[in-house]
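# Survey of secondary and tertiary structure
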Amino acid sequence: MSGLFDGDEKPTAGTAPRPGRSRALLISAAVLVVGFLLLTGLSGFWTERMWFDSVGYSSVFSRMLWTRVALFVVFALLMAVVVGFNMVLAFRFRPIFRPASAEQTSLDRYREAITPIRTWLVLGISLLMGAFAGTSAAGEWRNFMLWRHSVPFGKSDPYFDRDISFYVFSLPWWHFVVDFAMAMAVVALLAAAVVHYLYGGIRLQATHDRISGAAAVQLSVLLGAFMLFKAADYWLDRFDVLTGSGNLIDGMSYTDDNAVLPAKNILLGIAVVCALLFFLNIWRRSWMLPSVGVALFVLSAILLGLIWPGIVQQFQVSPSEADKEAPYIEKTIQATRDAFSLGDISIETYDQATTNPSADELSAATSAVPLIDPKLVRDNFEQNQQQQGYYTVAPVLDVDRYKVGDTDRALVLGVRELDQTGLAESNKNWSNLHTVYTHGYGVIAAYGNQRNEADEVVPAETTPWAESGLPPTGALTDQQDGGYQGAIYFGEQSPKYSIVGKVDGGSDVEFDLPESTDGDKGTTTTYDGKAGVPIGGLWNQLLYAVKFSDPNIVLSSRVNANSKIIYDRDPTERVKKVAPWLQIDRDPYPAVVDGKVVWILDGFTTTDRYPLSDKQSFDDMTNDSLADTSQFQALPTDEINYMRNAVKATVDAYDGTVTLYAWDETDPMLQAWMGAFPDTVEPRSAISPDLMAHLRYPEDLFKVQRYQYARYHVTDASDWYEGNDRWQVPQDPYKVGDLQPPYRMFIDNPGQDTVGSTFSMTSVYTPYKRENLVGFMDVNSDATQSDYGKIRVLRSPGQNIPGPGQVANSFANDEDVKNALSKFSLGGTTPKYGNLLTLPVDGKLLYVQPVYTVRNSEASYPILNAVITSFGQTGGPVGFGVSLPDAIADLLGDTLTPEGPDTGNPNPNQGGELPAGVRRLLNQAETAFDAADEAFANGDTVEWARQMKIGREKIKQAITVADNQAPATN
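Residues numbered from 1 in each chain as written. Predicted model: local features only at pLDDT ≥ 70, side-chain atom pairs only at ≥ 80, totals over all residues. Heavy atoms only, no water.

### Thoughts on the environment of phenylalanine 702
One can find phenylalanine 702 in helix H21 (residues 699–712). As for phenylalanine 702 and serine 763, which are separated by 61 residues in sequence, their C-alpha atoms are 9.3 Å apart. If we skip the residues at most four places from it in the chain, phenylalanine 702 touches Tyr697, Pro742, Met761, Thr762, Ser763, Met777, Asp778 and Val779. (Helix = DSSP H or I, 4+ residues; strand = E, 2+ residues; numbered from the N terminus. Contact = heavy atoms within 4.5 Å.)

In structure tokens:
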């Protein structure tokens, strides 16, 4: 026990570290932690700056940086100065003598503790509050830049007669400024009150003179300033009524106009009166009047701001809401149609023809129908064209148009991108992943209408490739003099980062093309494009090693003086970074343009501040069974009530070059952003003719417009309120819970300036919560035509035309279809339904449903094997065949004279006298098809395929004989 009190006893050796050593270890650890944090922050900042410089958009980085820095500094200093000044002022005018009391005695110890560090404490609190304020202000860079570079819309609201730009550009920024001023007054008030309390200016336990004269003056000034700022806030809130959300409509309603708006005006006046009472208190030194004013203000806010609008809504509006709200609904309809460009949509009544066109006429009119489903054929592309396991294509392929010969053809295409997960595990080392396997190669394309280059029908199980192989060959290569640059360094599935560049005089190490089936050896290459940040120096290597948490960037011998690192390779991400003010369409698509592969993207300007326009969730409006919900989100809020296709952007798949083109040059939001980031957007006139040929109407914009038009095609306020003509986008028949996606195809657009079929995007409508078809919508997607962007709606005149869900149900329950599809299942395959397409043809609405089959094995892929057709008629006939012409012939029971090789069975419904040679050949074909059916039933797919081939050959010979082109053969 004596040892506990023996202060002279020294610890034995090794029982405790020496204080000096512990202190040194702590200091070293602290230095290392701080150094690591500083290096990490510097790495993120400096590598970002170098990336923007490498893509040629350093001005975007610098403008965003200095705007945020300026906002941070200005508002941080303002908050810090105001808070610090009021704290110093409160201390400066503290009472010299403080009456003795228990309260003051307890505060003495706090005053004694604070006195030595008083200056540092004031400085620290001021800087901390300033940092919070500056950070908040830096986040307002969008609103500030829009306000700073605002341009007029040229339209005014119907209530305050202010230009739309005030609501979109100015109002959000002024709201922030006023809110900041109120926050600054509150923080300064609290800081001053604490100092006054600590030093006796405020005595809570005193019976009289609880607040000193100096404290009363200072607090009165701050409270008066707060009430003035609150009055300004009420003044701005009046305009928010036009952009707010309501139960029935967004924007001004009857209750807003007759209760909310007057209440805000009254509260504004009361707030000004309260401010004057607080300022008057500087001389009167009596809190009676200010207290009464604040009590009146609070009571008025409750009565006028909450209770009175509820009374008006309940007792004036609800009993006759349709009449009361009619004028406001009309303005909402007009504003919504303006904000989403719905005013120029033409609506026509589409009378179903009473007579059927011939099979030949209908077959010719539907020759461009896209039977190849961009989602289902993805595995086909991978199995047949990926060549190696380290190549892949997108989960959903893209549809574009190319001129093949003299005809515009719709192509389903994908980029052969690199998929490093396909490498053998033993080959997944750092050098291979980051310096050898760096890129994909080439474009894969197939004709979307199941016809070959000559536009002739091909056998159903044959994929009509338009571009295939490695190196790629086909229609796309033929269109480019000398081919095109096939290396794909930038794509939707590119590696996180790659290091390119070789030592002077060294060998190429990047894998380029694999060994071909013809015996050609694989090749290597070295990237020589514009993209990439030089990392030849140790400092840059260190920064990127920290950024990617990968020390190999510093240690590997593959990193040399000529090395560059390429990253942020997704086209959407690249455009989003150089144009952070754009919302990017979820469907970037590749095109072969001017000798290279480029990704084409659509950029939108959006806002949720357009007055009186209906506000909806962007995700809800664009979500469907094919939507990719993992794309980059750019909107500060998911809800929007204005949208324009302001920009067309391209990303070079080889060198990563990002180019922005102004598309809707009249868009005020685009003009404002071009003022904020000058020289970043090229004029529309800079678009080359080759690129223009591949620009198309953006998918997300069309989805938003079709969603809004479902309700806002009604322009009469009473009809809109009653909702008796409300439409909806139907559910996908084969994916419950998701909307049916729009489809791109060539269709005839009568009444427009174009001649013949037009490359369009289409969708359909059903009545709200009903399944029958009520309308068909299409938009001209060909950017080279004067009618580009023209939306047409064909409306049903009232017949009970079945919708997609009903048609899909009739297909599934048709006995002939069920019997035909059951044969597929017997052979160990499973039928899969492709896109259910709807298109107007010769006075009728035609439904076309491709059917794929896939074998139940690991390496299988869907093969197009059948087509189902039907007119929009309840209980009408259903056509089935192994090609679209055959299905149409079966639907009509007509004689079919195909343009090219036929793949269909002889139609049992066809009549008429046939030449003996034709009859003999058809009988032989029927015998072959019967044999094929028997083989299929026995599970002999090889014999089934052989007999099907014989049958098709006999059909072709019969057609040739019938056309007197050749004699019959046995």
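Once you've had a look at it, read on.
### Details of the pattern of salt bridges
All told, the structure shown has 19 salt bridges when counted by the stated rule. Between aspartate 233 and lysine 230 there is a salt bridge, and its shortest N-O distance comes to 3.5 Å. Placement of the pair is aspartate 233 and lysine 230 together in helix H7 (residues 213–240), with a separation of three residues, close to one helical turn. What makes aspartate 233 buried here is its relative accessible area of 7%. (Salt bridge = Lys/Arg side-chain N within 4 Å of Asp/Glu carboxyl O. Buried < 20%, exposed > 50% of the residue type's maximum accessible area, 1.4 Å probe, protein only.)

### Some remarks on the sheet that holds strand E14 (residues 533–534)
One open sheet accounts for three strands, arranged E11-E15-E14; its pairing is antiparallel. Both outer strands of the open sheet, strand E11 (497–500) and E14, are each paired with one neighbouring strand and no more. In the sheet, E11 pairs with strand E15 (residues 564–567) via four bridges, with the strands oriented antiparallel. The residue bridging isoleucine 499 from the neighbouring strand is isoleucine 565, located in E15. (Pairing = 2+ DSSP bridges.)

### What to know about the packing of aromatic side chains
Scanning the entire structure with this criterion turns up 48 aromatic pairs. Aromatic side chains phenylalanine 153 and tyrosine 642 sit 5.9 Å apart centroid to centroid with 70° between the ring planes, which places their arrangement in the edge-to-face category. With phenylalanine 153 in the loop between helix H5 (141–148) and helix H6 (164–198) and tyrosine 642 in strand E21 (residues 642–652), this pair connects stretches of sequence that are 489 residues apart. What makes tyrosine 642 buried here is its relative accessible area of 2%. Taken together, a centroid distance of 5.4 Å and an interplanar angle of 85° make the contact between tyrosine 390 and phenylalanine 511 edge-to-face. (Phe/Tyr/Trp six-rings, centres within 6.5 Å; stacked < 30°, edge-to-face > 60°.)

### Here's the deal with the sheet that holds strand E3 (residues 398–404)
The strands making up a sheet associate through backbone hydrogen bonding, with each pair oriented either parallel or antiparallel. Sheet architecture is open: five strands sit in the order E3-E4-E7-E8-E9, paired in antiparallel fashion. Looking at the sheet topology across the chains shown, the edges are occupied by E3 and strand E9 (473–474). The sheet strands contacting helix H12 (residues 378–385) are strand E4 (407–415), strand E7 (443–447) and strand E8 (465–468), and the helix crosses E8 at an angle near 50°. (Axes fitted to C-alpha atoms, helices over the stretch in contact; angles between N-to-C directions.)

### A closer look at the confidence of the model for the chain
Averaged over every residue, the pLDDT of the chain is 84; the share at 70 or more is 84%. Here residues 895–914 is a poorly scored stretch, pLDDT under 50, and it has 53 contacts once near neighbours within four places are set aside; other chains count. A low-confidence stretch, residues 964–970 (pLDDT under 50), is modelled with 13 contacts involving residues beyond four sequence positions or located in other chains. (pLDDT = per-residue confidence, 0-100.)

### Regarding a negative patch on the surface
Taken together, the side chains of Glu330, Asp716, Asp719 and Glu722 present a region of like negative charge at the surface. By the element assignment, glutamate 722 lies in helix H22 (residues 717–722). (Patch = residues over 30% accessible without salt bridge, like charges linked within 9 Å, V, L, I, M, F, W, Y side chains within 5 Å. Areas by Shrake-Rupley, 256 points an atom, 1.4 Å probe, with all protein chains shown as cover. Lys, Arg positive; Asp, Glu negative; His and termini not counted. Charge placed at Lys NZ, Arg CZ, Asp CG, Glu CD.)

### Structural notes on the nonpolar core
With 160 residues, the main nonpolar core has Ile553 and Ile565 as its most contacted residues. If you look at the next biggest cluster of nonpolar residues, it comprises 52 residues, including Ala410, Tyr743, Phe746 and Leu864. (Core = buried A, V, L, I, M, F, W, Y, C linked by side-chain atoms within 4.5 Å.)

### A word on H5
When H5 is considered as a whole, its buried residues turn out to be Trp141, Met145 and Leu146. What you see down the axis of H5 is that its buried residues fit within an arc of 130°, all on one side. On the buried face of H5, the contacting elements are helix H2 (58–92), helix H4 (118–138), H6 and helix H19 (668–676). (Arc of directions from axis to C-beta.)

### Remarks on the environment of glycine 41
Considering the arrangement of structural elements, one finds glycine 41 in helix H1 (residues 19–54). Sequence separation between glycine 41 and lysine 547 is 506 residues; the distance between their C-alpha atoms is 9.3 Å.

### A word on unusual backbone geometry
For the bond running from leucine 470 to proline 471, omega is -10°, close enough to zero to count as cis. Among the secondary structure elements, proline 471 is positioned in the loop between E8 and E9. Unusually for a residue other than glycine, aspartate 568 sits at a positive phi of about 50°. Counting through the fold element by element, aspartate 568 comes out in the loop between E15 and helix H17 (571–578).

### Some details on the side chain of histidine 175
Mapped onto the secondary structure, histidine 175 falls in helix H6. What histidine 175 contacts, discounting residues up to four positions off in sequence, is Asp233, Leu236, Asp237, Asp240 and Arg609.

### Quick word on the packing of helix H8 (residues 254–284) against helix H10 (residues 321–339)
Angle between the axes and distance between the axes are the two parameters that describe a pair of packed helices. Look at H8 against H10: their axes get within 8 Å of each other, and the N-to-C directions meet at 95°. As judged from the angle between their axes, H8 and H10 are roughly perpendicular. Here H8 contributes Tyr254, Asp257 and Asn258 to the contact with H10, which in turn contributes Lys324, Glu325 and Tyr328. Counted by class, the contact of H8 with H10 contains two nonpolar, one polar and three charged residues. (Parallel < 35°, antiparallel > 145°, perpendicular 65-115°, else oblique. Nonpolar A, V, L, I, M, F, W, Y, C, P; charged D, E, K, R; others polar.)

### A few points about the packing of H2 against H4
Where H2 contacts H4, the axes come no closer than 7 Å and their chain directions differ by 145°. Crossing handedness for the pair H2 and H4: right-handed. Together, Arg68, Leu71, Phe72, Phe75, Ala76, Met79, Ala80, Val83, Gly84, Met87, Val88 and Phe91 of H2 and Arg118, Val122, Ile125, Ser126, Met129, Gly130, Ala131, Ala133, Gly134, Thr135, Ala137 and Ala138 of H4 make up the contact between the two elements. By residue class, the composition of the contact of H2 with H4 is 17 nonpolar, five polar and two charged. (Left-handed = near helix turned anticlockwise from the far one by under 90°.)

### Remarks on the pairing of E21
Across the 11 residues that make up E21, a large majority, 11, are buried. Looking at chain direction, strand E18 (residues 596–607) and E21 are connected through 10 bridges and run antiparallel. Looking at E21, one finds that tryptophan 599 is bridged to valine 651. As paired elements, E21 and strand E22 (residues 658–662) share five bridges and run antiparallel to each other. The residue bridging valine 651 from the neighbouring strand is valine 658, located in E22. Connecting the antiparallel pair E21 and E22 is a turn made up of five residues, with glycine 656 showing a positive phi of about 75°.

### Describing the pairing of E18
In terms of residue burial, E18 counts as a mostly covered element, since 11 of its 12 residues are buried. Pairing of strand E16 (residues 583–584) with E18, which is carried by two bridges, proceeds in the antiparallel orientation. Across the sheet, residue glutamine 583 finds its bridge partner in E18, namely phenylalanine 604. In this structure, strand E17 (residues 589–593) lies alongside E18, joined through five bridges in antiparallel fashion. Bridged to valine 592 within E18 is valine 597. In this antiparallel pair of consecutive strands, E17 and E18, the connection spans two residues, and aspartate 594 shows a positive phi of 50°.

### Examining the environment of valine 598
Here valine 598 is to be found in strand E18. Relative accessible area serves as the criterion here: at 6%, valine 598 is assigned to the buried category. Sequence separation of valine 598 and proline 571 is 27 residues, and the distance between their C-alpha atoms is 9.4 Å. When residues no more than four places from it in sequence are discounted, the contact partners of valine 598 are Tyr589, Pro590, Ala591, Val593, Val651, Asp652 and Ala653.

### Here's the deal with a nonpolar patch on the surface
On the surface, Val294, Val298, Leu299, Ile302, Leu303, Leu306, Ile307, Trp308, Ile311 and Phe315 cluster together into a nonpolar patch covering about 910 Å² of accessible area. By relative accessible area, which is 30% here, valine 294 ends up partly exposed.

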